[in-house]
Amino acid sequence: MKKTLLSLAIASLAAGQSVCAAVEKVYNEPDSVYIFSYAHPEDEGRSGLKFAWSPDGDKWLSVSDGFAYLKCDFGRWGAEKRMIKPLLEKAEDGRWYCRWQLTPSGKVWGTSHSSDLLKWAPQQYVNAEKPAVPRLVTARQIVLDKDTLNGYMQKVPYADIEQLIRFAEHKKFRDIQNNERTEQDAVRFAGLKPVAATIRVDTGRVKPISEHLIGIFFEDINYGADGGLYAELVQNRDFEYSAKDGARDKNWNSTYAWSIQGTDAELSVSEDSPIHANNAHYAVLEVHRPGAALVNNGFDGIAVKKGEKYDFSVFSKVLDDTKGGKVLVRLTTKDGKEIAQAAIRVSSTEWKKQKAVLTATADAADAVLSVCPQMAGKYALDMVSLFPQNTFKGRKNGLRADLTQTLADLHPRFVRFPGGCVAHGDGVDNIYDWKGSIGALEERKPLRNLWGYHQTRGLGYHEYFLFCEDMGAEPVPVVAAGVPCQNSGTCSHHSVGELGCGGQQGGIPMEEMPQYVQDVLDLIEYANGDAKKTVWGKKRAQAGHPKPFNLKYIGIGNEDLITDIFEERFTMIFNAVKEKYPEVTVIGTVGPFYEGSDYEEGWKFATKMGIPMVDEHYYNTPGWFINNQDFYDRYDRNKAKVYLGEYAAHLPGRPNNIETALAEALYLTSVERNADVVTMTSYAPLLAKEGHTQWNPDLIYFNNTEVKPTVGYYAQQMYGQNAGSEYIASSVTLDNVQDAVKKRIGVSVVRDGKTGDMIVKLVNLLPVAVNAQVELPSLEGMNTTAVKTVLAGKPTDQQVRPVSGTMEVSEKFGYELPAYSFTVIRINKNEK
Ligand code: AHR
């Protein structure tokens, strides 16, 4: 028992407390107690490592209601990540070691260690036999809140339990904050009157900030590329769909989206003498009597517009000794009405590309394309393609004009591509190999998309570079750091025993790494190399772009598990890029969350290696964004810069509404304040095709005929169109001292160095208006009629749009921030 009992009692007396109360408190605190560690068998430990404690080893109390102090990372999202029978021990080095089974057989184990049971080292996964129970640890069965639990018991100082409880309570407090929702506002802000605010802008305190703050992150998720941004209208044009791609659809095979219309014809698939080994399958259409057609119904139909022209092309040959002949190409509506027609000739016995132009005579949302030989015969057909001529900037093999324009309207300063998870892939064999995505379309390597479909890669690296160029945005390609997604579900080369084909990150075998590193260097050469003097620069020129793309950034890795396997491979790539292309900024990775072992180890590693920038990701609740506006205020300015590469506010049910949009807008005021260290940001994911969505919320939804930007999109647009290069300090004084009120008002003032315009951003996440008095010390040379844009609505609104108008400003002007609103006031510099 505590020796300080008497002195504490005396101190308490002096403080005017009763001796009994003081004695009671201290008397009941034991020196050492029993800790019982367990994982719940009901969910096979997916909810993590938990504790109970007991003063006597008999009566047990839960530590913070079953709070989990460590969770298993092994395996894919969802069903895996089990922690079975964790065995915890304190070793002689003073560290806690935890080992747990990853599967019921007990042949493979996860391990981690910690100095305090609170922060845990990155996990390792090993083949091992069941470890012996250490001498000071006892296997026990206890009853806790009516649950019978098996685990291990050992003695610890009572202070350890107190520390565990304090930690959990703090986390729970943070959880309460993070779960603050506008639906609780009626209670939280009951009786709240409109708030009065004085906003003082201090033009004497300015700092330069990044001009690349707002960008976009494009990943082929939710049919973002094929069937989405990539304007190709024919689905499965290459007959390369395979059962492996379509995890969500049992019918995926080479003839997906194709059918025969009419009689006396058969469709089969052949691999005999294809156009190219990368494009191994093609259609064989055997027509016994003319009349039948091979039909493609596009991606949920083919949408065409009256009067517009469409480029049709196909690789074909005749496979039998008939001579072939005329082939009609038609677009027909669902009810069979022809709305476009053209003809080609197929008579060659070698693969030959044929082209035709179709002009639509009517609008149709869901037309089908049919290829209809006019002569009996056996025809080989591949790369059957239909493109609108009206693509973004009129590019051939280009992008859907309306969707791309919507992206361009964000004024993105950069584009990160091709993923996300797509970049590092589901297993080593699924890593996005950029070389397979360039060159002639018929020679590109299609790739299984880990989101459950097929990537033709018609939208490949060359097109990504053009896309950036056409929007005036910096290209930010992301290559795998020699390791695939940490949640990979397929074979990794570093397999763990019986989990060899499922589970963990793994890495490209070391003997293959030199070639992989070379591939990364070749990518930079493709982007920047001389068109005549370099191998890959020449290829870029052959693809129609002799001028370099002027690549300045390259991402290496995507929220990877920070392990030895990762570090070893990252280092090889990083050093090689640094040596050959010191002018290119490498962006490292620090895991999928804003905390935890990958975040911490990732930052340590980045600092050790001198990585100039790291990519942070977090998808959090609106409450998190409200309560963590100081997140970057604390960042060390001497360490790596930050690219916030993926973020979004997530509510239950995952809507994109005013509540999420304002939480993001509010947080971005704090990011602008820190845009000396946070140099780029991109909301994620960007695009989602209705009916084919694997992830919500997204920034822009679309179908074949409509583009539906969300309210979150408009918040991004207001930032993108009103970016600055200088941050001007400001202060906010309120007539209300409630912390919750203060946190819901965000202000950011920037100046756009190019135009000289001053931009004031004001966010109000309160249910009442904020009457602001804005003090701008000097408006000399500025136009006092400012442009005001306001996005406001009820928190659940998903359809509201920003409204723009003008307002008069002066060195002291009043502005009422509507309840739940985001306002941008742009004060233009006088042109004279
Ligand atoms: O944005 C969707 C996914 O979220 C990305 O592919 C991945 O990087 C992250 O987990």
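What you are looking at is a predicted structure, and each value in this text was computed from that prediction instead of being measured.

A word on the overall build of the protein. Looking only at helices and strands, the protein features 15 helices and 42 strands. A compact globule built from 832 residues would reach a C-alpha radius of gyration of about 28 Å, and the protein, at 31 Å, matches this within 12%. Dimensions along the principal axes, computed over C-alpha positions, put the protein at roughly 110 × 75 × 55 Å. The buried share of the protein, reckoned over its 832 residues, is 57%. For the protein, long-range pairs separated by at least 24 residues make up 71% of all intrachain contacts whose partners lie at least 6 apart in sequence. Split by element, the accessible area of the protein, about 34400 Å² in all, is 50% carbon and sulfur.

A word on the pattern of salt bridges. Inspection of every chain in the model, using the stated rule, returns 44 salt bridges. Here R416 ties to E646 by a salt bridge, and the two come within 3.0 Å at their closest N and O atoms. Pair noted here: R416 is in strand β23 (residues 414-417) and E646 is in strand β30 (residues 641-649), with a separation of 230 residues, a long-range link. With relative accessibility at 6%, the residue E646 sits in the buried group. What you see here is one network of salt bridges that share partners, running through E44, R46 and R82.

Moving on, we get to helix α7 (residues 461-471). Here α7 lies mainly inside the structure; 10 of its 11 residues are buried. Among all positions in α7, only Y461, H462, E463, Y464, F465, L466, F467, C468, D470 and M471 are buried. Of the surrounding elements, those touching the buried residues of α7 are β11 (216-217), α5 (401-408), β23, β26 (474-479), α8 (513-528) and α9 (535-542). With its phi angle positive at about 70°, G472 sits one or two positions after the end of α7.

For the rest of this paragraph, the subject is the layout of surface pockets. The calculated volume of the second largest pocket comes to roughly 690 Å³. In terms of lining residues, the second largest pocket is bounded by 29 residues, among which K353, F387, K396, N397 and L441 are the most central. For the lining of the second largest pocket, the element with the most residues is α7, which contributes 5 residues. The residue makeup of the lining of the second largest pocket, split by class, is 13 nonpolar, 6 polar and 10 charged. Formed jointly, the lining of the second largest pocket draws a minimum of three residues from each of two domains, domain 3 (241-390) and domain 4 (412-584).

On to the site of the ligand. The immediate surroundings of the ligand are formed by F217, E219, G420, C421, W451, N558, E559, Y619, E646, A684, P685 and W695. One of the side-chain nitrogen or oxygen atoms of E646 is found 2.7 Å away from an oxygen atom of the ligand. Here the ligand has 280 Å² of accessible area as a free molecule, and 97% of this is covered by the chains.

All right, on to the UniProt feature "domain: Alpha-L-arabinofuranosidase C-terminal" (unreviewed entry) in the protein then. According to UniProt, the feature "domain: Alpha-L-arabinofuranosidase C-terminal" (unreviewed entry) maps to residues 645-821 in the numbering used here. A helix fraction of 17% and a strand fraction of 40% characterise residues 645-821, whose end C-alpha atoms lie 25 Å from each other.

The peptide bond linking A684 to P685 adopts the cis configuration, its omega dihedral lying at -20°. Take P685: it is sitting in the loop between β31 (678-683) and β32 (687-689). Following N696, the chain continues into P697 via a peptide bond in cis, with omega recorded as -10°. Structurally, the position occupied by P697 is in the loop between β32 and β33 (700-702). At D145, a residue that is not glycine, the phi angle is positive and equals roughly 45°.

This next bit is on the domain arrangement of the protein. What the domain assignment reports for the protein is domain 1 (30-177), domain 2 (188-210 + 723-825), domain 3 (241-390) and domain 4 (412-584). One C-alpha centre belongs to domain 3, the other to domain 4; they are set 32 Å apart. The interface is formed by 13 residues belonging to domain 3 together with 11 residues belonging to domain 4. Roughly 1000 Å² is buried in total at the junction of domain 3 and domain 4, and carbon and sulfur atoms are behind 57% of that figure. At the boundary of domain 3 and domain 4, one finds 0 salt bridges.

Each value, and the rule that gives it
Residues numbered from 1 in each chain as written. Predicted model: local features only at pLDDT ≥ 70, side-chain atom pairs only at ≥ 80, totals over all residues. Heavy atoms only, no water. Helix = DSSP H or I, 4+ residues; strand = E, 2+ residues; numbered from the N terminus. Rg over C-alpha atoms; globule rule 2.2 N^0.38 Å. Buried < 20%, exposed > 50% of the residue type's maximum accessible area, 1.4 Å probe, protein only. Contact = heavy atoms within 4.5 Å. Areas by Shrake-Rupley, 256 points an atom, 1.4 Å probe, with all protein chains shown as cover. Salt bridge = Lys/Arg side-chain N within 4 Å of Asp/Glu carboxyl O. 1 Å grid on protein atoms, 1.4 Å probe; cavity = no way out; pocket = protein on both sides within 12 Å on 5 of 7 lines; lining within 4 Å. Points joined across faces, edges and corners; volume = space filled by probe spheres on them. Nonpolar A, V, L, I, M, F, W, Y, C, P; charged D, E, K, R; others polar. Domains from an automatic or database assignment. Near = heavy atom within 4 Å. Polar contact = N/O pair within 3.5 Å; in protein donor to acceptor, adjacent residues only side chain to side chain. UniProt positions renumbered as here; feature names shortened; annotations may be inferred. Buried area = accessible area lost by both parts, 1.4 Å probe.

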